[in-house]
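Listed below are the residues making up each chain.
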Amino acid sequence: MSARTAGSAPHVGYGGGVPHLFATSDLHVTHEGNGPIVDVVVPETPDDWLLVVGDVAERAEATLGTLDTLRRRFAKVIWTPGNHELWTTQGDPCQLRGLARYEYLGEQCRELDVLTPEDEFPVWEHAAKALTIAPLFPLYDYSWRTPEAEGKSLAEALDQARAAGVVCTDEYFLYPDPYPSRQAWCAERLKISTERLDAIPDDHGTILVSHWPLHRHPTAPLYWPEFALWCGTTKTEDWHVRYRAEVAVYGHLHIPRTTEADGVRFEEVSLGYPREWRKRARGPVPMRRVLWPS
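Since the structure is predicted, the reported quantities are computational estimates derived from the model, not experimental observations. (Residues numbered from 1 in each chain as written. Predicted model: local features only at pLDDT ≥ 70, side-chain atom pairs only at ≥ 80, totals over all residues. Heavy atoms only, no water.)

So what exactly am I meant to see when it comes to the packing of helix 1 (residues 60–73) against helix 3 (residues 98–111) here?
When two helices pack together, their arrangement is given by the angle between their axes and by how far apart the axes lie. Closest axis-to-axis distance for the helix 1/helix 3 pair is 11 Å, and the angle between their directions is 30°. As summarised for this structure, helix 1 and helix 3 are arranged roughly parallel, according to the angle between their axes. Once helix 1 is placed against helix 3, the crossing between them reads as right-handed. Residue-level contacts link Ala60, Leu64 and Leu67 of helix 1 to Arg101, Tyr104, Leu105, Gln108 and Cys109 of helix 3. Of the residues contributing to the contact of helix 1 with helix 3, the split by class is six nonpolar, one polar and one charged. (Axes fitted to C-alpha atoms, helices over the stretch in contact; angles between N-to-C directions. Helix = DSSP H or I, 4+ residues; strand = E, 2+ residues; numbered from the N terminus. Parallel < 35°, antiparallel > 145°, perpendicular 65-115°, else oblique. Left-handed = near helix turned anticlockwise from the far one by under 90°. Contact = heavy atoms within 4.5 Å. Nonpolar A, V, L, I, M, F, W, Y, C, P; charged D, E, K, R; others polar.)

This is the structure in structure tokens:
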């Protein structure tokens, strides 16, 4: 598949009373400096929607409190989990692990009127054609390897990453219970996701929303290429074409930018950590518009 970096589309208003579709991810609200930024994640019209693409916070209470705040501002909020929401850490009163934690967060989101990957996919009707918004939770299966790790066992691939000084914190806090491994949980999530995506009407385009990028190309700029192990799966590499995506929205990498693969736009919408956005001339970008007028 071909992939190239594309110039960012101009962030202009729709006008004409048409609502906007915004996205944000990796707010990491418990990190000092990020909490106040949530105050500027506000709509431009009362009918605007917001995609929240994972890694709101590590603690369940902080995640749900932030989603509640955002839902009170936006006409519709759609959330998909990142790895940080799935962590079970000592400091979190919520000690649920793995699938039970994900299901708890989903149940609480429904109480807040926030859509999740388990709910009916909403349809954005303000474009040239109907676009089904598909929040996805695919996880990852360690299949994105460096050349040195290709064809090796997972244990050897992880050893190679550790030798390079790279170990994702998921290895300590993201439990796959009751699945035997994260790969097994990923396989189940891929099955669920493909069944739901296959059911989207053929005349609909899609907006694919996943914390982890669905295509490998966004990982190319990683300072530590070994980190790609924890970033996705080869099983989703054609989804943007197969499911007629208008745009694929993701986070996780903390490299906010616009790219393109096979003629499909990819938007990385993460805020990231204060130590990252403070180095950028533009400063923090709390949310991005992901659609423009036809």
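Can you help me understand helix 3 in this one?
Note that an α-helix has 3.6 residues per turn; residues three or four places apart therefore point the same way. Between its first and last C-alpha, helix 3 extends 21 Å over 14 residues, near the 20 Å set by a 1.5 Å rise per residue. Residues of helix 3 that are buried include every one of Gly98, Leu99, Arg101, Tyr102, Leu105, Gly106 and Cys109, and no others. Along the axis of helix 3, the buried residues cluster in a sector spanning 160°; they form a single face. Where helix 3 is buried, its residues meet helix 1, strand 4 (76–79), helix 2 (83–86) and helix 6 (182–198). One or two residues past the end of helix 3 sits Asp113, with phi positive at roughly 65°. (Expected span 1.5 Å × (residues − 1). Buried < 20%, exposed > 50% of the residue type's maximum accessible area, 1.4 Å probe, protein only. Arc of directions from axis to C-beta.)

I keep staring at the pattern of salt bridges and nothing clicks. Help me out?
Pairs can form between side chains of opposite charge once their charged atoms are near each other. The full count for this structure, using the stated rule, is 13 salt bridges. Here Arg265 makes a salt bridge to Glu267, at a shortest N to O gap of 2.9 Å. Residue classification places Arg265 among the buried positions, given a relative accessible area of 18%. Using a relative accessible area of 1% as the deciding quantity, one classes Glu267 as buried. We note a salt bridge from Arg288 to Glu267, for which the minimum N-O separation is 2.9 Å. A residue pair is termed long-range when its members are at least 10 positions apart, and Arg288 in strand 11 (residues 288–289) and Glu267 in strand 10 (residues 264–268) qualify at 21 residues. When its relative accessible area of 6% is taken as the criterion, Arg288 is described as buried. When salt bridges with common partners are traced through the structure, they connect Arg265, Glu267 and Arg288 into a single cluster. (Salt bridge = Lys/Arg side-chain N within 4 Å of Asp/Glu carboxyl O.)

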